[in-house]
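Chain residues, written in single-letter form:
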Amino acid sequence: QKEVEQNSGPLSVPEGAIASLNCTYSDRGSQSFFWYRQYSGKSPELIMFIYSNGDKEDGRFTAQLNKASQYVSLLIRDSQPSDSATYLCASSNTGKLIFGQGTTLQVKP
Amino acid sequence: SAVISQKPSRDICQRGTSLTIQCQVDSQVTMMFWYRQQPGQSLTLIATANQGSEATYESGFVIDKFPISRPNLTFSTLTVSNMSPEDSSIYLCSGLRDSIGQYFGPGTRLLVL
């Protein structure tokens, strides 16, 4: 069974802090990894994807991938209340996405 | 990103009936998928919509229950057949743009009474 695991949270951080979201995956054949943000009642919104070991930065977001440890993370710098949402990690092999259960992030003013 | 639209956006249906959901994507999309998100849960892949041929279903999903068509590159339909209250979910269409990522439509919120 190919799985993606996330801590469901909630993860609570104060405004301006760094939020760290983590994800592990079981399928070593996974080629790409995605982070989606989902607000309540809305569809998932793609934040970032990563397919090479190391870090990838985009604005306040940094995705990190360690294939040897089968571990993916998302760092959100200078967290804002508007970042409060559920963050979904997904792995991909041949285009199909396998999602984790999502981590709920709460950013408190 | 990709432009993806779905309709209907929501519906309330009686058990035993069927509902067809339509998805339209922009021409940059190469692959299309259908997902289900049950209340309080994450997304589960139902099937890959293949252009001009039968969809590829994931374990636990069958064509008789979820027939899918993709007559051309940018359009697909998902039918939820012989519905029961357990089919109450959000159904999401997605499109993959190579090297860009996979994007989701706004979803169809289905309630079966």
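Preceding this section is the structure that the text describes.
Residues numbered from 1 in each chain as written. Chains lettered and ligands numbered in written order. Predicted model: local features only at pLDDT ≥ 70, side-chain atom pairs only at ≥ 80, totals over all residues. Heavy atoms only, no water.

Caption draft 1: Seen up close, the overall build of chain A. Looking only at helices and strands, chain A has zero helices and 11 strands in total. In sequence order, the secondary structure elements of chain A are arranged as β-β-β-β-β-β-β-β-β-β-β. In terms of overall dimensions, chain A has C-alpha extents of about 40 × 30 × 20 Å along its principal axes. Expressed as a percentage of its 109 residues, the buried residues of chain A come to 45%. Partitioning the intrachain contacts of chain A with sequence separation of at least 6 by distance along the chain shows that 54% fall at a separation of at least 24. Carbon together with sulfur atoms contributes 46% to the accessible area of chain A, which is approximately 5,200 Å² in total. (Helix = DSSP H or I, 4+ residues; strand = E, 2+ residues; numbered from the N terminus. Buried < 20%, exposed > 50% of the residue type's maximum accessible area, 1.4 Å probe, protein only. Contact = heavy atoms within 4.5 Å. Areas by Shrake-Rupley, 256 points an atom, 1.4 Å probe, with all protein chains shown as cover.)

Caption draft 2: Molecular detail of the layout of surface pockets. Within this model, the second largest pocket holds a volume of roughly 420 Å³. If you trace the second largest pocket, you find 26 residues lining it, with Gln37, Gln38, Gly40, Gln41 and Ile90 of chain B closest to the centre. Counting residues per element, the ones that place at least two in the lining of the second largest pocket are strand S9 (85–93) and strand S11 (103–108) of chain A together with strand S9 (89–97) and strand S11 (108–112) of chain B. Of the residues that constitute the lining of the second largest pocket, the class distribution is seven nonpolar, 16 polar and three charged. (1 Å grid on protein atoms, 1.4 Å probe; cavity = no way out; pocket = protein on both sides within 12 Å on 5 of 7 lines; lining within 4 Å. Points joined across faces, edges and corners; volume = space filled by probe spheres on them. Nonpolar A, V, L, I, M, F, W, Y, C, P; charged D, E, K, R; others polar.)

Caption draft 3: Local environment of a nonpolar patch on the surface. Among the surface-exposed residues, Ile12, Leu111 and Leu113 of chain B lie close enough to one another that they form a single nonpolar patch of about 280 Å² accessible area. If you trace the backbone, leucine 111 of chain B turns up in strand S11. (Patch = residues over 30% accessible without salt bridge, like charges linked within 9 Å, V, L, I, M, F, W, Y side chains within 5 Å. Salt bridge = Lys/Arg side-chain N within 4 Å of Asp/Glu carboxyl O.)

Caption draft 4: Layout of the pairing of S11 of chain A. Residues and elements named next belong to chain A. On S11, burial follows the alternation: Thr103, Leu105 and Val107 on one face are buried, whereas Thr104, Gln106 and Lys108 on the facing-out side are not. Strand direction decides the pairing type here: strand S2 (residues 11–14) and S11, joined by four bridges, are parallel. Across the sheet, the residue bridging to leucine 11 is leucine 105, located in S11. (Pairing = 2+ DSSP bridges.)

Caption draft 5: View of the sheet that holds strand S8 (residues 75–80) of chain B. Residues and elements named next belong to chain B. Pairing is antiparallel in the open sheet, where four strands are placed in the order S1-S3-S8-S7. Of all the strands in the sheet, the pair left with one neighbour each is strand S1 (4–7) and strand S7 (68–72). Between one strand and the next, the sheet's axes are offset by a mean angle of 15 degrees, whatever the strand orientation. Relative to S8, strand S3 (residues 19–25) runs antiparallel, the two being bridged by six bridges. (Axes fitted to C-alpha atoms, helices over the stretch in contact; angles between N-to-C directions.)

Caption draft 6: Structural context of the side chain of serine 42 of chain B. Inspection of the secondary structure puts serine 42 of chain B in the loop between strand S4 (31–37) and strand S5 (43–49). Taking relative accessible area as the criterion, serine 42 of chain B reaches 5% and is therefore assigned buried.

Caption draft 7: View of the pattern of salt bridges. Evaluated as defined, the whole model comprises six salt bridges over all chains. For the salt bridge of arginine 77 of chain A with glutamate 57 of chain A, the shortest nitrogen-to-oxygen distance reads 3.5 Å. Here glutamate 57 of chain A lies in strand S6 (residues 54–58) and arginine 77 of chain A lies in the loop between strand S8 (71–76) and S9, a separation of 20 residues in the sequence. You can call arginine 77 of chain A partly exposed: its relative accessible area is 26%. What makes glutamate 57 of chain A exposed here is its relative accessible area of 58%. Aspartate 87 of chain B is the partner of lysine 65 of chain B in a salt bridge, and the nearest nitrogen-oxygen pair spans 2.6 Å. With a gap of 22 residues between them, lysine 65 of chain B in the loop between strand S6 (56–57) and S7 and aspartate 87 of chain B in the loop between S8 and S9 connect regions that are remote in the sequence. Classification of lysine 65 of chain B as partly exposed rests on a relative accessible area of 21%. A network of salt bridges, in which partner residues are shared, links Arg37, Glu45, Arg60 and Asp83 of chain A.

Caption draft 8: Main features of the packing of aromatic side chains. Applying the stated rule across the entire model yields 12 aromatic pairs over all chains. Three or more aromatic residues joined by ring pairs make a cluster, and in this case those are Phe34, Tyr36, Phe49, Tyr51 and Phe99 of chain A together with Phe33, Tyr35 and Phe104 of chain B. Over the ring of phenylalanine 49 of chain A we find lysine 56 of chain A, and its NZ or CZ is 3.9 Å from the ring centre. The ring of phenylalanine 61 of chain A has arginine 60 of chain A sitting right over it, with the charged end atom 5.5 Å from the ring centre. (Phe/Tyr/Trp six-rings, centres within 6.5 Å; stacked < 30°, edge-to-face > 60°. Lys NZ or Arg CZ within 6 Å of the ring centre and 35° of its normal.)

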